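# Survey of secondary and tertiary structure
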Amino acid sequence: MRKIICALLPGATAVLFVAAADGPAPPTVALWGITNLASRMPPQLTGGRVARGSLVRITGWRLGPPGTAAASKKLALRSLAGSSVEIRQGAHAFAAWPVMVSQEEIHAVIPPDAPLGNCDLVIIHDGQESRPSPLRIVESEFGAFSENGHGWGPGAIRNRDGLQNTLSHPAHPGETVRLLGTGLGTGAASLEIFAGGKPGAVLAFRPLAANPGTDEIAFELPEDVPEGCYVPVQVRTGGGISNSVTLSVSRQ
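Predicted, not measured: the structure shown is a model, and the values here were computed from it.

Scanning the chain from terminus to terminus reveals 0 helices and 20 strands. By the burial criterion, 46% of the 252 residues in the chain qualify as buried. In the chain, of all internal contacts separated by at least 6 residues, the share reaching a separation of at least 24 is 61%.

Take a look at the structure:
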């Protein structure tokens with residue numbers, strides 16, 4: 001309920017003040033607070049747009065209930081812990097699928113049939129809506145997962161034996177490795193991958209059913225890939241170039 005306060009100023013007519021409404025404030029999405037969950041690249045940068053079917057990270061305030069974060073791996077959930085995510089374009093609204101909800105962060109999967117182009121994203125928590133936040137959706141814009149979870153440093157890369165690529169367990173030229181990320185979307189036909197600036201042969205790519213929104217790319221390291229502890233790896237799709245993560249390569 002809003003409180004209405006009347007006051008009479010000297011020499012003036014009555015002035016009406018309307019105080020703020022009682023009850024909790026609505027959820028608020030931070031400026032540039034919608035990014036690819038893996039890359040964390042700001043949307044105004046090349047490679048920072050959001051793809052169909054990708055995992056996104058939404059940051060802000062009052063996005064979910066206080067306390068422990070709620071998580072689910074079930075797709076097509078319209079709401080989690082009292083919070084839902086809507087993508088709106090004109091008169092049309094599409095529900096994204098929340099997989100993790102906390103007070104200051106939401107992870108959600110953009111539906112594969114989401115509209116392309118400029119949209120608005122709205123968070124709804126306990127019946128209160130956030131202000132619309134601008135969002136541009138494209139067919140494909142890959143982000144590579146890193147081990148530190150921040151989109152840089154050693155990547156989430158497995159060697160041929162299935163073990164994590166590390167300084168003490170490097171990959172070898174010509175070996176097949178697997179990279180995890182999100183955002184291949186519907187435009188993966190133009191997929192290219194580079195290790196140390198050298199093109200690698202893409203062997204396969206697929207979504208991981210056990211981890212909604214996560215993609216796996218299997219590729220062969222080129223024979224002339226440079227050796228090193230931190231060889232950069234990037235993925236290019238039709239939309240742009242991904243963030244850079246690293247892997248360890250040795251000929252020994």
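Moving on, we come to the pattern of salt bridges. By the definition in use, this model includes 8 salt bridges. The closest approach of N and O atoms between Arg49 and Glu141, which form a salt bridge, is 3.0 Å. One end of the pair, Arg49, is in the loop between strand S3 (28-36) and strand S4 (50-51); the other, Glu141, is in the loop between strand S12 (133-138) and strand S13 (143-144), with 92 residues separating them in the sequence. Arg49 sits in the partly exposed class, given a relative accessible area of 25%. Glu192 is the partner of Arg236 in a salt bridge, and the nearest nitrogen-oxygen pair spans 3.0 Å.

Within the secondary structure, Arg57 is located in strand S5 (residues 55-61). For the pair Arg57 and Ser39, spaced 18 residues apart in sequence, the C-alpha to C-alpha distance is 9.9 Å. Apart from residues no more than four positions distant in its own chain, Arg57 is found in contact with Gly33, Ile34, Thr35, Leu37, Arg40, Glu105, Ile106 and His107. A distance of 3.0 Å separates a polar atom in the side chain of Arg57 from a polar atom in the side chain of Glu105.

Another aspect to go through is the nonpolar core. Across soluble globular proteins, you tend to see nonpolar side chains buried next to one another. Membership of the largest hydrophobic core comes to 21 residues, with the highest contact counts inside it found for Leu179, Leu221, Val233 and Leu247. When contributions to this core are tallied by element, the ones reaching two or more residues are strand S15 (176-182), strand S16 (192-195), strand S18 (215-220), strand S19 (228-236) and strand S20 (245-249). If you look at the next biggest cluster of nonpolar residues, it comprises 20 residues, including Val29, Ala96, Ile106 and Ala114.

Our next topic: the side chain of Gln164. Topologically, Gln164 is positioned in the loop between strand S14 (157-158) and S15. The exposure class of Gln164 is buried, given its relative accessible area of 16%. A polar contact of 3.0 Å, which involves the side chain of Gln164, links it to the backbone oxygen of Gly155. In this structure the side chain of Gln164 is engaged in a polar contact, spanning 3.3 Å, whose partner is the backbone oxygen of Ile157. With sequence-adjacent residues up to four places away left out, Gln164 is seen in contact with Glu147, Gly155, Ala156, Ile157, Arg158, Asn159 and His169.

This part takes up the side chain of Asp215. Mapped onto the fold, Asp215 is located in strand S18. Despite its burial, Asp215 pairs with no opposite charge; the closest candidate is Arg206, at 9.2 Å N-O.

Take the pairing of strand S9 (residues 105-109) next. Counting buried residues in S9 gives 5 out of 5 residues, a clear majority hidden from the surface. Every second residue of S9 is oriented toward a common face, with Glu105, His107 and Val109 on one face and Ile106 and Ala108 on the other, all of them buried. As defined by bridge partners, S5 adjoins S9 across 5 bridges and the pair is classed as antiparallel. Among the inter-strand pairings, Ile58 is bridged to a residue of S9, identified as Ile106. Note that strand S8 (residues 92-101) and S9 share 4 bridges and pair antiparallel.

Unlike most non-glycine residues, Arg40 shows phi in positive territory, near 60°. Assignment of secondary structure puts Arg40 in the loop between S3 and S4. The class of Arg40 is partly exposed, set by a relative accessible area of 24%. The backbone of Arg62 sits at a positive phi, close to 60°, despite the residue not being glycine. Here Arg62 lies in the loop between S5 and strand S6 (70-71).

Glancing now at the environment of Ile124. Inspection of the secondary structure assignment puts Ile124 in strand S10 (residues 117-125). Note on Ile124: relative accessible area 15%, which makes it buried. Spatially, the C-alpha atoms of Ile124 and Val85 are 6.4 Å apart, while their sequence positions differ by 39 residues. If we skip the residues at most four places from it in the chain, Ile124 touches Gly82, Ser83, Ser84, Glu86, Arg88 and Glu129.

With that out of the way, let us pick up the pairing of strand S17 (residues 198-207). Two strands pair when backbone bridges link them, and S16 and S17 are joined in this way by 3 bridges, in the antiparallel orientation. Across the sheet, Phe194 pairs through a bridge with Pro199, a residue of S17. Looking at chain direction, S17 and S18 are connected through 6 bridges and run antiparallel. Residue pairing in the sheet places Val202 in a bridge with Phe219 of S18.

Reading guide: rules and limits
Residues numbered from 1 in each chain as written. Predicted model: local features only at pLDDT ≥ 70, side-chain atom pairs only at ≥ 80, totals over all residues. Heavy atoms only, no water. Helix = DSSP H or I, 4+ residues; strand = E, 2+ residues; numbered from the N terminus. Buried < 20%, exposed > 50% of the residue type's maximum accessible area, 1.4 Å probe, protein only. Contact = heavy atoms within 4.5 Å. Salt bridge = Lys/Arg side-chain N within 4 Å of Asp/Glu carboxyl O. Polar contact = N/O pair within 3.5 Å; in protein donor to acceptor, adjacent residues only side chain to side chain. Core = buried A, V, L, I, M, F, W, Y, C linked by side-chain atoms within 4.5 Å. Lys, Arg positive; Asp, Glu negative; His and termini not counted. Pairing = 2+ DSSP bridges.

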